[in-house]
Amino acid sequence: MLTHTLKLRKPLAVIDLETTGVNITKDRIVELCIAKAKLDGTVEVKTKLINPGIPIPIETSLIHGIYDEDVKDAPTFKQIGRSLAQFIEGCDLAGFNSNRFDVPMLVEEFLRIDVDFDIKNRKLIDAQRIFHLMEPRTLSAAYRFYCNKTLEGAHSAEVDTLATLEVLCSQVEKYDGVKLKNDKGEEYEPVKNDMDALHLLTSANIVDFAQRMTLNSKGEVLFNFGKHNGKPVKLVLKNEPQYYDWMINGDFPLDTKRKLTEIKLKMMIEK
């Protein structure tokens, strides 16, 4: 498969995960596929079954078709995590609903094995965000709409990953020059064949992947849940410093705790 339609500044790793469930902090990966689109237009695909170390609920197995027996002899994430991190080193990241699920889950798994997987210099491209903005549908419908094909074997990590890459390529072609109007009636072109622009379109407000924090129009980090919903994080930590301890000791993803700690340390430096 070739991806010459995408204007890449660096390799693009398209990721899809099958997991034991949808809880970022408690569930684990059971299958992973990464399709790495390279600058020469070629694609390198890695697909791996992973032993999650916990039982796979039967209701989840019925969705993706992976059972405890299938992964009992598979490597754990700890055994393959560092090689996976090396495989996608220097890559931008993409997927379908990847900003809300696949990338946060992957980051969490890396942090559990002490691999500091940094996304600060990576662009995050979520094909689902583009799709929901332009043509609200599911991945199977997106594949049919953009690629004029029927998605056979959906919920297989490799099938979904390669389908997502094809959808992203087709989205960039289809919406080249297409304009929408914002809430002020001004025309703008949301989808451009540029990873920076697609990152801003699909990932601009992300602070932490669980989205417990978000950015406002001024670039301030706000809490996005609970009693301090909508309040600046720095203001809350200044007026209620114990709130930091509550979150650090609470059932929040490691990524959320790391981002919160970064904000607190920056506040200490700014004093």
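Residues numbered from 1 in each chain as written. Predicted model: local features only at pLDDT ≥ 70, side-chain atom pairs only at ≥ 80, totals over all residues. Heavy atoms only, no water.

Student: Even after reading the chapter, I still don't get the side chain of Arg-122, so can you show me in this structure?
Tutor: Mapped onto the elements, Arg-122 comes out in the loop between helix H4 (98-112) and strand E5 (124-126). One buried charge, Arg-122, has no salt-bridge partner; the nearest side chain with opposite charge is Glu-89, at 4.1 Å. Only 2.8 Å separates the side chain of Arg-122 from the backbone oxygen of Cys-91, close enough to count as a polar contact. With sequence-adjacent residues up to four places away left out, Arg-122 is seen in contact with Ile-88, Glu-89, Gly-90, Cys-91, Asp-92, Leu-93, Phe-117 and His-199. (Helix = DSSP H or I, 4+ residues; strand = E, 2+ residues; numbered from the N terminus. Buried < 20%, exposed > 50% of the residue type's maximum accessible area, 1.4 Å probe, protein only. Lys, Arg positive; Asp, Glu negative; His and termini not counted. Salt bridge = Lys/Arg side-chain N within 4 Å of Asp/Glu carboxyl O. Polar contact = N/O pair within 3.5 Å; in protein donor to acceptor, adjacent residues only side chain to side chain. Contact = heavy atoms within 4.5 Å.)

Student: Teacher, can you tell me more about the packing of aromatic side chains here?
Tutor: Two measures describe an aromatic ring pair: the distance that separates the ring centres and the angle between the ring planes. Counted by the stated rule, this structure contains 11 aromatic pairs. Here Phe-77 and Phe-110 contribute two aromatic rings whose centre-to-centre distance is 5.3 Å and whose plane-to-plane angle is 65°, an arrangement assigned as edge-to-face. Linking Phe-77 in helix H3 (residues 77-87) with Phe-110 in helix H4, this pair joins segments that are 33 residues apart in sequence. Residue class for Phe-77 comes out buried when judged on its relative accessible area of 5%. Ring centres 5.6 Å apart and planes at 55° place the aromatic pair Phe-225 and Phe-252 in the tilted group. In this pair, Phe-225 sits in the loop between strand E9 (221-223) and helix H9 (233-239) while Phe-252 sits in the loop between helix H10 (242-248) and helix H11 (254-270), placing the two residues 27 residues apart along the sequence. Directly above the aromatic system of Phe-87 lies the positively charged group of Lys-36, at a separation of 4.2 Å from the ring centroid. The ring of Phe-225 is capped by Arg-212, whose NZ or CZ atom sits 5.1 Å from the centre of that ring. (Phe/Tyr/Trp six-rings, centres within 6.5 Å; stacked < 30°, edge-to-face > 60°. Lys NZ or Arg CZ within 6 Å of the ring centre and 35° of its normal.)

Student: Would you explain helix H8 (residues 195-203) in this entry?
Tutor: Think of an α-helix as 3.6 residues a turn; residues three or four steps apart then line up on the same face. Taken as a whole, H8 has its buried residues at Met-195, Ala-197, Leu-198, His-199, Thr-202 and Ser-203. In this fold, the buried residues of H8 make contact with strand E1 (12-19), strand E4 (92-95), H4, E5, helix H5 (127-134) and helix H7 (157-174).

Student: Please clarify how the side chain of Lys-257 should be interpreted in this entry.
Tutor: Residue position: Lys-257 is located in helix H11. As a buried residue without a salt bridge, Lys-257 has its nearest oppositely charged side chain in Asp-251, at a separation of 6.6 Å. If near-sequence neighbours (up to four positions away) are discounted, Lys-257 is found in contact with Met-247, Ile-248, Gly-250 and Phe-252.

Student: I'm lost on the state of the cysteines in this one. Help?
Tutor: When the sulfur atoms of two cysteines share a covalent bond, that bond is a disulfide. Within this structure, the stated rule accounts for 0 disulfides. No disulfide involves Cys-33; its sulfur sits 13 Å from the nearest other cysteine sulfur, which is in Cys-91. Exposure remark for Cys-91: the relative accessible area of 1% places this residue in the buried category. (Disulfide = S-S within 2.5 Å.)

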